Amino acid sequence: MAVLSQSSQTRPIEGAGDLAGTTVHVIGAGMVGVCTALELQARGALVTLLDRREPGRETSWGNAGVIARSSLVPLNNPSLWRSLPGLLGNRRAALRYDLRYLLKNPGWALGFLANARASTFHETTQALDGLIRLSIDIHRERIAEVGQLHRLSDAGWLTLYRSETGYARARSFHEVMTAFGVDTVTLSRADLTDLEPSLKPVFDRALWVRDSLSVDDPGAIVAAYAGRFAQAGGQIVRAEVTGIRNDGDAVKLSCADGDELTCGRAVICLGPWARDLVERMGCKVPLGYERGYHRHFCGGVGAAPNSGLQRPVHDSAGGYVLSPMARGLRLSTGVELSARDAVPNPSQMDQAERAARQAIDLGEAIDPECWLGSRPTLPDSRPAIGPMPKATNVWASFGHQHIGFSTGPGSARLLADLMEGRTPPIPAAPFRPDRFIRAR
Ligand SMILES: Cc1cc2nc3c(=O)[nH]c(=O)nc-3n(C[C@H](O)[C@H](O)[C@H](O)COP(=O)(O)OP(=O)(O)OC[C@H]3O[C@@H](n4cnc5c(N)ncnc54)[C@H](O)[C@@H]3O)c2cc1C
């Protein structure tokens, strides 16, 4: 067992040590799991990647494709308190909620609100900034390595403001960007028209975040990373994991088809499904679901896909993100706080579509129905990365809220360093799983 030398981690981590030759099962093949598998493989572990579907077909497929340097401000930031009265009416496109869901999950709901306080927010922005910066560098290298540079844009992304007042209200957000050295430029209405001529003149101001990247098919990027893992000898196995337990030095995984798999160490990378497995292990975790929808549009009559918008845009008043994708314009909604598996509610997407039509020639819908996914969020909006409490040799990397597509690579590097007992490049303490996961 190795001892961590990092100052923020004073106790040795049980089960940490050299990964070379160790069998590791990574459970879940979204962006987080695939990056974890690649990182552990690079360190000499014998890695098997388990998923009930093909890699990258769930949340990591349906997101807005932004690798956002600026996404260090979570939804539960100090301004949430101020906006609360306006949100209670449950009519805003940016945030909807199902009251029954919140009442059934008071631990998460109250914790989420309480963690909007300034002191936690300060720690969270510091922690997320480190994770994002680490991840962007790795993504750049890896996307090139897997031959997907044609999917990558480094044109940044834009937050759009329909009025000077809206822009002024976002001042605290802009101050955070400046404090963390994010490369932003404020655009006037005329500057915006020059940069994005396909947008209609309904925005008085915009903030251009220049050091962000985006991709035109997030699922294809995850699949390409998974392909790289397999090429290098990694095993990808289709399995639905239903249980996990220690058996001496080994970890045993039970699967829905009755199979039992044995490994030296296991990593839970199940995104919005992590809570199910963690609860079956006899622990509690207050993981909430910030659901979001998307739908593709052809971008104007006769328009070729991708012909208008040059970069993703976030309409702050409209409460949606519009991303130029290989399939067309992907319109993604804001947050719906609701049970992960509750039936979809079309009203938020309808509202986003109406707002987007005011801003751009959206054209016909390409998809017959909306896609629905869940951003998995812990009460302080930081993922859980590190050893699982009460289970030796079982590790966690989940709860990546709005930024899991961006931060998969950095999370993997942090986790692999912790698993090996090395000092990670960013502090691990803000991400410790035991800040929320408890034995029942
Ligand atoms: C509308 C929307 C827009 C978003 N936009 C962005 C964005 O622009 N940029 C960004 O960085 N992030 C964005 N996100 C967030 C991001 O998509 C998530 O944080 C990220 O995809 C989470 O990745 P993951 O690997 O943890 O989970 P997932 O991608 O969901 O992977 C979990 C995997 O676990 C598998 N699984 C589930 N149960 C089992 C089981 N029992 N056994 C085996 N396998 C199982 C699933 O099949 C799945 O493949 C967005 C999210 C939404 C909903």
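Calculation rules
- For every chain, the first residue of the written sequence is number 1, and numbering continues from 1 along that sequence.
- Totals for whole chains, interfaces and linings use every residue, but because this is a predicted model, local features are given only for residues with pLDDT of at least 70 and side-chain atom pairs only at 80 or more, for both listing and counting.
- To obtain the side-chain values, all non-hydrogen atoms of the structure were included, while hydrogens and water were left out.
- It suffices for a single heavy atom of a residue to lie within 4 Å of a molecule or strand for the residue to be listed as near it.
- Counting of polar contacts relies on pairs of N or O atoms within 3.5 Å, with two restrictions inside protein: one atom must be capable of donating a hydrogen and the other of accepting it, and residues adjacent in sequence are counted only when both atoms are side-chain atoms.
- Areas reported as accessible are Shrake-Rupley estimates using a 1.4 Å probe. Residue values count occlusion only from the protein chains shown.
- Helical segments are the DSSP runs of H or I of at least four residues, strand segments are the runs of E of at least two, and each set is numbered from the N terminus.
- Residue classes follow a fixed rule: Ala, Val, Leu, Ile, Met, Phe, Trp, Tyr, Cys and Pro count as nonpolar, while Asp, Glu, Lys and Arg count as charged, and any other residue, Gly among them, counts as polar.
- Contacts: residue pairs with any heavy atoms within 4.5 Å of one another.
- What a helix should span is 1.5 Å times the count of its residues minus one.
- Type-normalised accessible area, obtained with a 1.4 Å probe on protein chains alone, sets the label of each residue: buried when under 20%, exposed when over 50%, and partly exposed for intermediate values.
- Any two strands are treated as partners once DSSP identifies two or more bridges connecting them.
- The pairing test for Phe, Tyr and Trp rings, Trp by its six-membered ring, is centres within 6.5 Å, and the orientation test on the planes gives stacked under 30 degrees, edge-to-face over 60, and tilted for anything in between.
- A ring is considered to have a charge above it if a Lys NZ or an Arg CZ atom is located within 6 Å of its centre and within 35 degrees of its normal.

As for the site of the ligand
Phase 1 of the analysis: With respect to spatial proximity, 32 residues lie near the ligand, and among them D51, T59, S60, H402 and S406 are the closest.
Phase 2 of the analysis: In the model, an oxygen atom of the ligand is placed 2.5 Å from a nitrogen or oxygen of the S60 side chain.
Phase 3 of the analysis: Between the ligand and H402 there is a distance of 2.8 Å, counted from a nitrogen atom to a backbone nitrogen or oxygen.
Phase 4 of the analysis: Protein coverage of the free-state accessible area of the ligand, which is 1000 Å², stands at 97%.
Phase 5 of the analysis: Mapped onto the shell around the ligand, the elements with two or more residues apiece are α1 (31-42), α2 (59-62), β21 (371-377) and α13 (404-420).
Phase 6 of the analysis: At three residues, α13 tops the list of elements feeding residues into the shell around the ligand.
Phase 7 of the analysis: Taken together, the residues of the shell around the ligand break down into 13 nonpolar, 14 polar and five charged.

Topic: the environment of R238
Phase 1 of the analysis: Examined against the element boundaries, R238 turns out to sit in strand β10 (residues 235-238).
Phase 2 of the analysis: In the structure, R238 is positioned 22 residues away from D216 in sequence and 26 Å away in space, judged by C-alpha atoms.
Phase 3 of the analysis: Aside from chain neighbours lying at most four places away, what touches R238 is D51, R52, R53 and E54.
Phase 4 of the analysis: In terms of polar contacts, R238 uses its side chain to reach the side chain of E54, at 2.6 Å.

Concerning helix α10 (residues 218-231)
Phase 1 of the analysis: The end-to-end C-alpha distance of α10, which contains 14 residues, comes to 20 Å, matching closely the 20 Å that a straight helix rising 1.5 Å per residue would cover.
Phase 2 of the analysis: Looking at α10, one finds that the buried residues are P218, G219, A220, I221, V222, A224, Y225, A226 and F229.
Phase 3 of the analysis: The first or second residue beyond α10 is G233, which carries a positive phi of 100 degrees.

Here we look at the side chain of R311
Phase 1 of the analysis: By the element assignment, R311 lies in the loop between β16 (288-297) and β17 (313-315).
Phase 2 of the analysis: Residue R311 is classed as buried on the basis of its relative accessible area, which comes to 7%.
Phase 3 of the analysis: Only 2.6 Å separates the side chain of R311 from the side chain of E196, close enough to count as a polar contact.
Phase 4 of the analysis: Sequence-distant contacts of R311, defined by excluding residues within four places in its chain, comprise A155, G156, W157, L158, L195, E196, W208, L322 and P324.

Looking at the pairing of strand β18 (residues 320-325)
Along a regular strand, successive side chains alternate from one face of the sheet to the other.
Phase 1 of the analysis: The buried fraction of β18 is high, at six of six residues.
Phase 2 of the analysis: In the sheet, β17 pairs with β18 via three bridges, with the strands oriented antiparallel. Directly across from H314, in β18, lies its bridge partner V321.
Phase 3 of the analysis: Hairpin connection of β17 to β18: four residues between the antiparallel strands, including G319 at a positive phi of 70 degrees.
Phase 4 of the analysis: Where β18 and strand β19 (residues 328-333) come together, six bridges link them in antiparallel fashion. Bridged to P324 within β19 is L329.
Phase 5 of the analysis: Where β18 folds back onto β19 in an antiparallel hairpin, the turn is made up of two residues.

Some remarks on the packing of aromatic side chains
Phase 1 of the analysis: Under the defined criterion, the tally for this structure stands at four aromatic pairs.
Phase 2 of the analysis: For the ring pair W108 and F112, a centre distance of 4.6 Å and an interplane angle of 20 degrees mean the geometry is stacked. Of this pair, W108 and F112 both sit in helix α5 (residues 106-114), separated by four residues, roughly a single helical turn.
Phase 3 of the analysis: Taking relative accessible area as the criterion, W108 reaches 3% and is therefore assigned buried.
Phase 4 of the analysis: A relative accessible area of 5% means that F112 is categorised as buried.
Phase 5 of the analysis: Taking the ring centre of Y167 as reference, the NZ or CZ of R205 above it sits at 5.5 Å.

Examining the pairing of β16
Phase 1 of the analysis: Burial analysis of β16 places 10 of its 10 residues in the buried class, which makes it a mostly covered element.
Phase 2 of the analysis: Because side chains alternate across β16, one face comprises the buried residues G288, E290, G292, H294 and H296, and the other comprises Y289, R291, Y293, R295 and F297, equally buried.
Phase 3 of the analysis: For β16 and β21, the ladder comprises seven bridges, and the chain directions are antiparallel. Its bridge partner being in β21, Y289 is matched across the sheet by P376.
Phase 4 of the analysis: Where β16 and strand β20 (residues 335-337) come together, two bridges link them in antiparallel fashion. Bridge assignment links R291 to a residue of β20, and that residue is E336.

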